[in-house]
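Here is what each chain is made of, one letter per residue.
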Amino acid sequence: MAAEETLRQAQKMEAVGQLTGGIAHDFNNMLQGVAGGLEMARRRIAEGRAGEAGRYLDAARGAVDRAAGLTRRLLAFARRQRLDPKPVDADALVAGMADLIRRAVGPGIGLELRLRDGTGSVVCDANELESALLNLCINARDAMPGGGRLLVGTEEVRLSAADIPDGEAPPGCYVAVSVSDTGTGMPPEVMERVFEPFFTTKPQGQGTGLGLSQVYGFVKQSGGLVRIESAPGRGTTVRLLLPLHERMGAAEA
């Protein structure tokens, strides 16, 4: 028992070390962006060139926004973030993000959308759904360094109690927002840990390991499920299953 407790404590300290190291690196970069932007703006004003200060202030504000985004990811992981759930047309949201996703993944990756008929909505925080979707697309991009295909889709699925053996969500109709890539895929040992907080396969200093934890926390807060399928050399598919709220045709009738 003493040995097990010592091991658990060591694992806890390792996780804390990974978290604090990643966050400290990220926040330091963001603070440097704020400080650098403000310093350049101060110099321009002192030189009587106040008209040029605006772009440096904009850069500083961008760094502040990125820091706020990191804070949101931490709160989503802890499931203490205040969400603003409203009915959201998942099809329209995905279609509206197409250009942003194309810019994020770059010209070497082909994007395909496969959307359902748009007759139902989900209740969630639209901003967080956008953030989760973009997060998954960027992860897919990183898994395809030589280029590939990215498929983003929506579909309506019905889950029975047998489909949710651990009872983590009620049976019923869900809207699945999926992101599939033709990338390197993941071995079983990575699959087992992919949604763990602090876990990352990226080099040190290039990620906090909170990205997928943020996705998981947001979907769970929204009453949904996350499913992932992957294998080495066969790509990865992540599905965000959000409860179907209403059929728009029925609501209008």
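Whatever comes next refers back to the structure up there.
Read on for an overview of the structure. Because the structure is a prediction, the values reported are computed rather than measured. (Residues numbered from 1 in each chain as written. Predicted model: local features only at pLDDT ≥ 70, side-chain atom pairs only at ≥ 80, totals over all residues. Heavy atoms only, no water.)

A word on the overall build of the protein. Helix and strand counts for the protein stand at eight helices and seven strands. Residue burial in the protein is summarised as follows: out of 253 residues, 39% are buried. Summarising the internal contacts of the protein: among those between residues at least 6 apart in sequence, 73% fall at separations of at least 24. For the protein, the exposed surface amounts to about 14000 Å²; the carbon and sulfur share of it is 54%. (Helix = DSSP H or I, 4+ residues; strand = E, 2+ residues; numbered from the N terminus. Buried < 20%, exposed > 50% of the residue type's maximum accessible area, 1.4 Å probe, protein only. Contact = heavy atoms within 4.5 Å. Areas by Shrake-Rupley, 256 points an atom, 1.4 Å probe, with all protein chains shown as cover.)

Here Ala-126 lies in helix α5 (residues 126-142). Classification of Ala-126 by relative accessible area gives partly exposed; the value is 27%. Along the chain, Ala-126 and Asp-89 lie 37 residues apart, while their C-alpha atoms are 9.1 Å from each other. With near-sequence residues (within four places) excluded, Ala-126 lies in contact with Val-88 and Leu-93.

The next subject is the pattern of salt bridges. Using the criterion set out here, one finds 13 salt bridges in the structure. Here Arg-116 ties to Asp-91 by a salt bridge, and the two come within 3.3 Å at their closest N and O atoms. Separated by 25 residues along the polypeptide, Arg-116 in the loop between β2 (109-114) and β3 (120-124) and Asp-91 in helix α3 (residues 90-96) bring together distant segments of the chain. Neither Arg-116 nor Asp-91 differs from the other in exposure class; each is buried. A salt bridge links Arg-227 to Glu-168; the nearest nitrogen and oxygen atoms lie 3.1 Å apart. Here Arg-227, found in strand β6 (residues 225-230), pairs with Glu-168, found in the loop between β4 (148-159) and β5 (172-181); they are 59 residues apart in sequence, far enough to count as distant. The class of Arg-227 is partly exposed, set by a relative accessible area of 28%. In the salt-bridge network here, residues are joined through shared partners; they are Arg-44, Glu-47, Arg-49 and Glu-52. (Salt bridge = Lys/Arg side-chain N within 4 Å of Asp/Glu carboxyl O.)

In this section: the packing of helix α4 (residues 98-105) against α5. Between α4 and α5, the least distance of the axes is 9 Å, while the angle of their chain directions is 30°. The orientation of α4 relative to α5 falls into the category roughly parallel. Viewed along their axes, α4 and α5 form a crossing whose handedness is right-handed. Only Leu-133, Leu-134, Cys-137, Ile-138 and Arg-141 of α5 make contact with α4, whose side of the interface consists of Leu-100, Ile-101, Ala-104 and Val-105. Partitioned by chemical class, the residues of the contact of α4 with α5 number eight nonpolar, no polar and one charged. (Axes fitted to C-alpha atoms, helices over the stretch in contact; angles between N-to-C directions. Parallel < 35°, antiparallel > 145°, perpendicular 65-115°, else oblique. Left-handed = near helix turned anticlockwise from the far one by under 90°. Nonpolar A, V, L, I, M, F, W, Y, C, P; charged D, E, K, R; others polar.)

Here we come to the pairing of β4. In this sheet, β4 lies alongside β2 in parallel orientation, the contact comprising six bridges. Counted as the bridge partner of Leu-111 is Leu-150 from β4. (Pairing = 2+ DSSP bridges.)

Before going further, it helps to examine the nonpolar core. One recurring pattern in soluble globular proteins is that nonpolar side chains are buried together. Counting 38 residues, the largest nonpolar core has Ile-101, Leu-133, Cys-137, Leu-150, Val-152, Val-179 and Leu-240 as its most contacted members. Per-element accounting of this core gives the leading share, six residues, to α5. If we ignore the near neighbours within four places in the chain, the residues touching Val-179 are Leu-133, Leu-136, Cys-137, Ala-140, Leu-150, Leu-151, Val-152, Thr-236, Thr-237 and Val-238. Core analysis: the next-biggest nonpolar cluster, separate from the first, contains eight residues, Leu-159, Ile-164, Ala-169 and Leu-225 among them. (Core = buried A, V, L, I, M, F, W, Y, C linked by side-chain atoms within 4.5 Å.)

The next thing to look at is the side chain of Thr-154. By secondary structure assignment, the location of Thr-154 is in strand β4. Reaching out from Thr-154, the side chain makes a polar contact with the side chain of Asp-91 at a distance of 2.8 Å. Of the polar contacts made by the side chain of Thr-154, one reaches the backbone nitrogen of Arg-116; its length is 3.0 Å. Beyond its immediate chain neighbours, meaning those up to four positions away, Thr-154 contacts Ala-90, Asp-91, Val-94, Arg-114, Leu-115, Arg-116, Ala-176 and Val-177. (Polar contact = N/O pair within 3.5 Å; in protein donor to acceptor, adjacent residues only side chain to side chain.)

Inspection of the secondary structure puts Thr-236 in strand β7 (residues 236-247). Overall, the relative accessible area of 11% leaves Thr-236 in the buried class. Polar contacts involving the side chain of Thr-236 include one to the side chain of Ser-230, which spans 2.7 Å.

What follows covers α5. Its 17 residues give α5 an end-to-end C-alpha distance of 24 Å, which sits within 8% of 24 Å, the value for a rise of 1.5 Å per residue. Regarding α5, the residues found buried are Glu-128, Leu-129, Ala-132, Leu-133, Asn-135, Leu-136, Cys-137 and Ala-140. N-capping of α5 is provided by Asp-125, with a side-chain oxygen placed 3.0 Å from the backbone N of Asn-127. (Expected span 1.5 Å × (residues − 1).)

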